[in-house]
Amino acid sequence: MNEVNKILNNYLTGLIHKKAIKRQFIGNLTEYKSEGYPDPLGEKQFLKAKGLIHRYPDRVVLTVTNKCFAYCRFCFRKNNWQKFDGFDLKESLNYLKQTKTVREILISGGDPFTLSNKELLNIIDALNNIDHIETIRIGTRVLSAYPQRITDNITKQLSQYKSIWLAIHINHSDEITQEFVIASGKIIDAGIPIVSQTVLLKNINDDVYTLKTLFCTLTKYRIKPYYLFGCDQASGNGVFRVSIEKAMKIISSLRGTISGLCMPSFAFDLPDGGGKVVLEPNSIISKNKNHYIFKNFEGKRREYIDV
């Protein structure tokens, strides 16, 4: 247990007996020697200031820390754990003030909630004072890794800002504990929406039942499933990757069994900064001028005459 405590906080050590959680955090060090990219999303080529990544026209990512409450074996930024180049708020603000096409900020890391309240709110306060910034997202694992961090104090302070969203990382319904429910309820009741991001992981959640349970449970607690991501090609991630063909079969089956409210978009990031690709199973069987043959959610052929 001492070895576990080196990489997990006390909250997660209480859940580590659950197989779907243990597999995400406790692994064999030899896996990190397998093939992959140290920077699988090619983020470094889009750095505009220390810690600021500008890949898409209207939004940027601020990597404000390399610290997390726990370190996922499949993390796409695992290279930052030991080689983090840091974050410069002043430098980032100068770039953002001059780049008026940016309307949305994702505060990421690491996990922003490992910062103190003062440090986190200082960043948000500075961003909030830039007129053309409309939306601030906080990317975090906090609800599934250390929900006790969400206090009444931090929730109240976050609710004072314009358009704050939480984008949480969660991969299995075993991570939805009573503590998770209480913390997420505080956030949502304070007027802060929550969306979820899930990574499709081999032998952890790569089946219809597991994902259906996760997405429907999240929706039950007013959290919108936002993205289901293919596992990025970071070094050592080969043991977690699920083929696109299998992913499409899972997505197709989910489409027929859960509502759109419960359904996230399936996406993966292309290597070397190619960006995000969103995929959907093809429902068009054939097309002749304005005459379509579709496959519906039951797998049946249906005709449709377009305008």
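The preceding data block contains the structure.
Residues numbered from 1 in each chain as written. Predicted model: local features only at pLDDT ≥ 70, side-chain atom pairs only at ≥ 80, totals over all residues. Heavy atoms only, no water.

Considerations on the overall build of the protein chain
Worth spelling out the cut-off: Comment: elements are numbered from the N terminus, with helices defined as DSSP H or I runs of at least four residues and strands as E runs of at least two. Computation of the radius of gyration draws on C-alpha atoms alone. For the globule rule, the value is 2.2 Å times the number of residues to the power 0.38. Buried, partly exposed and exposed residues are distinguished by accessible area as a fraction of the type maximum, computed with a 1.4 Å probe on protein chains only: under 20%, between the cut-offs, and over 50%, respectively. Contact criterion: two residues are considered in contact whenever any of their non-hydrogen atoms come within 4.5 Å of each other. For accessible areas, the Shrake-Rupley method is used with a probe of radius 1.4 Å. Any residue's cover is judged against the shown protein chains and nothing else. Only four residue types enter the tally: Lys and Arg on the positive side, Asp and Glu on the negative side, with His and both chain ends excluded. Lysine's charge is taken at NZ, arginine's at CZ, aspartate's at CG and glutamate's at CD.
When helices and strands are tallied, the protein chain shows eleven helices and 13 strands. In terms of overall dimensions, the protein chain is globule-like: its C-alpha atoms have a radius of gyration of 20 Å, near the 19 Å expected for 307 residues. Within the protein chain, the proportion of its 307 residues that are buried is 49%. At a minimum sequence separation of 6, the contacts of the protein chain that also span at least 24 residues come to 76%. When the accessible area of the protein chain is evaluated, it comes to approximately 15,500 Å², of which 51% is carbon and sulfur surface. Distance between charge centres in the protein chain, computed from 43 positive and 30 negative side chains, equals 2 Å.

Overview of the nonpolar core
Basically, it comes down to this: Residue types Ala, Val, Leu, Ile, Met, Phe, Trp, Tyr and Cys, when buried and joined through side-chain atoms within 4.5 Å, form a set referred to as a nonpolar core.
Leu96, Ile105, Phe113, Ile124, Leu127, Leu143 and Phe180 are the most contacted members of the largest nonpolar core, which has 78 residues in total. No other element matches the six residues that helix α6 (residues 117-128) contributes to this core. With residues up to four places along the chain from it excluded, the contact list for Leu96 reads Leu52, Val60, Val102, Ile105, Leu127, Ile130 and His132.

Here's the deal with helix α11 (residues 244-255)
Three- or four-residue spacings in an α-helix give side chains the same orientation, since the helix completes a turn every 3.6 residues. Here is the rule we go by: A helix is expected to span 1.5 Å for every residue after the first. Summarising the geometry, the arc corresponds to the directions from the helix axis toward the C-beta atoms.
If you check α11, its first and last C-alpha atoms are 16 Å apart, about what twelve residues at 1.5 Å a residue would give, namely 16 Å. All of the buried residues in α11 are Ala247, Met248, Ile250, Ile251 and Leu254. One side of α11 holds all its buried residues, which, seen down the axis, span an arc of 160°. Exposed side of α11, more than 90 degrees from the buried face: Glu245 and Lys249 are the residues found there. Buried residues along α11 sit in contact with β7 (194-200), α10 (208-220), β8 (224-230), β9 (265-270) and β10 (275-279).

So, empty space enclosed by the protein
Here is the rule we go by: Detection works on a 1 Å grid of protein atoms alone, calling trapped sets that fit a 1.4 Å probe cavities and calling open sets with protein on both sides within 12 Å along at least five of seven lines pockets, with lining residues defined by an atom within 4 Å of a point. Grid points are joined across faces, edges and corners, and a volume is the space filled by probe spheres set on the points.
Within this structure, the stated rule accounts for one cavity of 30 Å³ or more. Of the pockets and cavities examined, the largest cavity occupies roughly 30 Å³. Residue lining of the largest cavity: Phe113, Ile150, Ile154, Thr155, Leu158, Leu166 and Ile187, and that is the complete set. With three residues, the single largest contributor to the lining of the largest cavity is helix α8 (residues 152-158).

Regarding the packing of aromatic side chains
We count it as follows: A pair of aromatic rings is counted whenever rings of Phe, Tyr or Trp (Trp by its six-membered ring) have centres within 6.5 Å, and the orientation is called stacked for planes under 30 degrees apart, edge-to-face for over 60 and tilted otherwise.
What the rule picks out here adds up to eight aromatic pairs. Centre to centre, the rings of Phe266 and Phe268 are 6.5 Å apart; their planes meet at 45°, and the pair counts as tilted. Taking the relative accessible area as the measure of exposure, Phe268 reaches 17% and is therefore buried. Look at Tyr292 and Phe294: their rings are 5.4 Å apart centre to centre, the planes differ by 5°, and that puts the pair in the stacked class. For Tyr292, a relative accessible area of 15% gives the class buried. What links up through ring pairs into an aromatic cluster is the set Tyr226, Tyr227 and Phe229.

A closer look at the sheet that holds strand β12 (residues 291-295)
Spelled out, the test is: Any two strands between which DSSP finds at least two bridges are classified as paired. Axes here mean lines fitted to C-alpha atoms, for a helix over just the part in contact, with angles spanning 0 to 180 degrees between N-to-C directions.
Strand order across the open sheet formed by three strands is β11-β12-β13, with antiparallel pairing between neighbours. The outermost strands of the open sheet, each flanked by one partner alone, are β11 (284-288) and β13 (301-305). Strand-to-strand twist in this sheet, taken as the mean axis angle between neighbours without regard to direction, amounts to 20°. Bridge count for β12 against β13 is five bridges, and the pairing is antiparallel. Paired with Phe294 across the two strands is Arg302, which belongs to β13.

Concerning unusual backbone geometry
Geometrically, the link from Gly109 to Gly110 is a cis peptide bond, its omega value of 10° lying close to zero. By secondary structure assignment, the location of Gly110 is in the loop between β4 (104-108) and α6. One non-glycine residue, Ser163, lies in the positive phi region at around 30°. Unusually for a residue other than glycine, Lys289 sits at a positive phi of about 55°. With respect to the helices, strands and loops of the structure, Lys289 is situated in the loop between β11 and β12. Residue Lys289 is classed as exposed on the basis of its relative accessible area, which comes to 72%.

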